[in-house]
Structure formats: C-alpha cells, structure tokens
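Each chain, written out:
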Amino acid sequence: MKDCIKISCLALMVLLLASCSPDPVTGYEFMMDTQCSITVYERGDEAFIDGTFQFVRQLASRLDRYDESSEIFRINAMAGREPVKVTGQVFELISRARDLCEDTDGLFNILMGNISDLWGFTSAEPHVPSDEELAELTAAADISNLVLNEEDQTVYIADEKASLDLGAIAKGYASQAAADYLRSQGVEKAVINFGGNVYCIGTRPDSSPWRVGIQNPDTEYGGYFTTVEVSDCAVVTSGGYQRYFIQDGVRYHHILDPATGRPADSDLASVSIICEDGALADALSTACFVAGADKAEELCRKFGVSALFLTQSGEVIRI
Ligand code: ADP
Ligand code: MG
C-alpha cells in the first residue's frame, strides 16, 4: 500500500533559462515531507544555501506536529486538558490560520490532524475509515474548538479528539520566511520551491519575470501544462495528485473536505494561487481545491489574489 502513495516532489518546475548570468547556485533538501530547492543568483554559494536551509529546517521542525519538541506537538498532547503557552511567531501563525478558516467558510481547517491520521496518508497502511469514525472526528474538528488567548499567548484545543495540523499552510509560510531571510541577506534574485510552494524573488537576471511551470496532474514528475510569469511573488499549487493511495480501485487523496472528513471531490484537478504572501497562497490553494471552481473564484476575488484552475475536464481558468 505504501508504494501507492505518490509524493510529487517537484510539483512545479521553475524554468531557469541557461542564458541567465551569472551562474545560479541551487541546493536541494528533503524537508517538510517534500523535495525542497533554493536557487540563488549573484551572491549564492553552497555555504550560503546550506545556511538558508538550516534556517528553514529549524522553522519547519517548530511547525511539525510529529516533532515531539514542537509547540504544535504539545498543543495536541494537551488537547482537552489545558492551554499551552507558545512563542509569538507560532501564536501569530495559528491565529492567522484560524482567521483563514473563518474567512474561507471552513473550507480550510487546521483542526483535522486526527482525521488525516485516521486515513493514514503518511503511514505504511493507509485505509478508508468507517463512517462512524469519520463522523466523530469531523464533529470534533469544528474550528470553534480552537481557543486562542492573545493576552496569555496560549492555544487550547477544547476537544481531545481534534488535533492541529498546519500542513496546508506551513510550506507556504516557510517559503515566505525563506524569501524574507534571503532578502535580509541582500539577495535580490532567487527562486524557492518547497514541494510546489514556489516563491520568486525579484526578476530573472535579464530583468524579465520568472516563469513558473504548473505541473500536469496526469504526469508523474516535472511535466507542466502551462506557465505563469511572476516577480516578487508566490505561486502555490494544490492538487489531489500530490499524495494519495488506492483501495479497491478507488483513489483517495490527502486534501480533505472539512464538512465530511473525506477527500475533497470538486470539479478541480489543481489550483494555483499567485500572490505576494506565501502563507496565504498555500492556505487558499487548499481551500479553493476543496471549494470547486465557482466558489473558488469567489474566494480569490474576495482575497484579491490571481489564480489558475485546472478543472477535472481539462479546462484552464485564469482569475
Ligand atoms: P500539500 O501539502 O501536498 O502541498 P496542501 O497545501 O493542499 O497540499 O495541504 C494538504 C495537507 O493539509 C494535508 O496533507 C493535510 O495535512 C492538511 N489538510 C488536508 N485538507 C485540509 C483542509 N481542507 N484544510 C486545511 N488543511 C488540510
Ligand atoms: Mg496548501
């Protein structure tokens, strides 16, 4: 069964044209359960890229609910018991994510950790849960069970059957943090790609925009069906092809509809969000994928972001 899980490491391909000069330096690491790359122009050297990855690795482990030293792990361990005091950065991210749950009418929901675990998407034996199990955990994942106290900087999950999962915003947030870090180090041209969470800094060396390829959900790795041109911008793609398992001939992917706890079954095959905020792009790409084309368009207009949808029938919609 494990072999059936596909992780599209290179969900998006950034087209780095050979004519660019001076030579870019690229580093790769497997982090946040995905293939990550950072390409820096002009001032990049391997030690500098390593330092950037170290910065990202630390941030990622703080947001990892499986890392026993993380604040997220502690919040989950204390669910139904007591509030947990967290650092300002983590409080801000959780608070922002909670607001996004509300602003997407619950399509984005960070309390579904236990539901993902029940499906076992990252386990050796993923399987379809029973209706009863799903109903129980879906009710517990109601976002009103996430209690934030700004004054005390505490986070409390009021129902022990719910658990925090920042998986749909963490990579985008980390790509933004990496971009901010690189800029603070004087980098003016770079491309970050954390498993389909792309952030482009500046322009290409010839001052033209970066071209980001959007993966074709039907091809395994690297094939793309179109490109978007951006500078100083995030391009984040979510799709049901990125992680899934097959049981009895049916494919079950990892993006869940919070209303049912089951894989979202909309008319969209993939959603790419294009905006200056990596965390927002990540959260919205997930929410829009769940929403389906009509509601997703409404959400994109509400948040003032550009987007590219690929429908199940192969139509490309640009917002
Ligand atoms: P990926 O992590 O493959 O880039 P997403 O950004 O869409 O894809 O995030 C999917 C991950 O977020 C899932 O693996 C799960 O941990 C969590 N998740 C699944 N469905 C939702 C949802 N509706 N809202 C928020 N988080 C979700
Ligand atoms: Mg996402």
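Above this note sits the structure.
Cut-offs used in this document
Residue positions are given per chain, counted from 1 along the sequence in the order it is written. By the order in which they are written, chains take letters starting at A while ligands take numbers starting at 1. Thresholds applied to this predicted model are a pLDDT of at least 70 for local features of residues and 80 or more for the giving and counting of side-chain atom pairs; totals over whole chains, interfaces and linings are not thresholded and use all residues. Side-chain calculation: all heavy atoms of the structure are included, whereas hydrogens and water are not. Here a helix means four or more residues in a row that DSSP labels H or I, a strand means two or more in a row labelled E, and each is numbered from the N terminus. Under the scheme applied here, a residue whose accessible area is under 20% of the maximum for its type counts as buried, over 50% as exposed, and between as partly exposed, the area being computed with a 1.4 Å probe on protein chains only. The rule for a residue being near a molecule or strand is that one of its heavy atoms must lie within 4 Å of it. Nitrogen and oxygen atoms within 3.5 Å of one another constitute a polar contact, given that in protein one can donate a hydrogen and the other can accept it, and given that sequence-neighbouring residues count only through two side-chain atoms. Every accessible area reported is derived by Shrake-Rupley at a probe size of 1.4 Å, with residue values counting cover from the shown protein chains alone. Polar here means any residue outside two lists: the nonpolar Ala, Val, Leu, Ile, Met, Phe, Trp, Tyr, Cys and Pro, and the charged Asp, Glu, Lys and Arg; Gly therefore counts as polar. The convention used is that axes are lines fitted to C-alpha atoms, helices contributing only their stretch in contact, and that angles between N-to-C directions extend from 0 to 180 degrees. In these notes the angle categories are as follows: under 35 degrees is roughly parallel, over 145 is roughly antiparallel, 65 to 115 is roughly perpendicular, and the rest is oblique. Should the near helix be turned anticlockwise from the far one by less than a right angle, the crossing is termed left-handed; should it be turned clockwise, right-handed. When checking whether two residues touch, look at their non-hydrogen atoms; a contact exists if any pair is within 4.5 Å. A strand pair is defined by DSSP finding two or more bridges across the two strands. Keep in mind that water is not among the atoms, so a site may look incomplete; donors are the N, O and S atoms within 2.8 Å of the metal, or 3.2 Å for Na, K and Ca. Here, expected helix span is obtained from the residue count minus one, scaled by 1.5 Å.

(A) Structural context of unusual backbone geometry. Within the chain, S207 stands out as a residue other than glycine whose phi angle is a positive 75°. Among the secondary structure elements, S207 is positioned in the loop between strand 8 (197-201) and strand 9 (210-215). According to the relative accessible area criterion, S207 is exposed, its value standing at 56%. The residue D232 is not glycine, and still its phi comes out positive at about 45°. Position of D232 among the secondary structure elements: in the loop between strand 10 (224-230) and strand 11 (233-239).

(B) Region of the structure containing the site of ligand 1. If you check the shell around ligand 1, you find 18 residues, and the closest are D165, K171, S238, H254 and T286. At a separation of 2.8 Å, an oxygen atom of ligand 1 approaches a polar side-chain atom of K171. One of the side-chain N or O atoms of T286 is found 2.7 Å from an oxygen atom in ligand 1. In isolation ligand 1 has 560 Å² of accessible area, and contact with the protein removes 91% of it. With three residues, helix 7 (residues 278-291) is the largest single contributor of residues to the shell around ligand 1. Here the shell around ligand 1 is built from residues that sort into eight nonpolar, seven polar and three charged.

(C) How the structure looks around the packing of helix 7 against helix 8 (residues 293-303). Relative orientation of the contacting elements helix 7 and helix 8 amounts to 155°, with a least axis distance of 7 Å. Relative to helix 8, the element helix 7 is oriented roughly antiparallel. At the point where helix 7 passes helix 8, the crossing takes the right-handed sense. Contacts from L280, L284, A287, C288 and A291 of helix 7 reach helix 8 at A293, K295, A296, L299, C300 and F303. Split into classes, the residues belonging to the contact of helix 7 with helix 8 amount to 10 nonpolar, no polar and one charged.

(D) View of the pairing of strand 17 (residues 306-311). Within strand 17, five of the six residues are buried, which leaves it mostly tucked inside the rest of the structure. As defined by bridge partners, strand 17 adjoins strand 18 (residues 316-318) across three bridges and the pair is classed as antiparallel. Bridge pairing links F309 to I317 in strand 18. Here strand 17 folds back onto strand 18, and the loop between the two strands holds four residues, one of which, G314, carries a positive phi near 95°.

(E) Spatial organisation of the coordination of the magnesium ion (ligand 2). The protein atoms that coordinate the magnesium ion (ligand 2) are A168 (O), D282 (O), D282 (OD) and T286 (OG1), at distances of 2.0 to 2.5 Å. In primary-sequence terms, the residues that donate to the magnesium ion (ligand 2) follow A-x113-D-x3-T. Here T286 and D282 lie together in helix 7, a separation of four residues that amounts to about one turn. Take D282 and T286: they sit in the same class, and that class is buried.

(F) Quick peek at helix 6 (residues 170-184). Taking 1.5 Å per residue as the helical rise, helix 6 with its 15 residues ought to reach 21 Å, and the 21 Å between its terminal C-alpha atoms agrees with that figure. Of all 15 residues in helix 6, 11 are buried, a share of seventy percent or more. For helix 6, the set of buried residues is A170, K171, G172, Y173, A174, S175, Q176, A177, A178, A179 and L182. Tucked inside the fold, the buried residues of helix 6 contact strand 3 (34-40), helix 1 (46-62), helix 3 (88-103), strand 7 (190-194), strand 8 and helix 7. Directly beyond the C-terminal end of helix 6, a positive phi value near 90° is found at G186.

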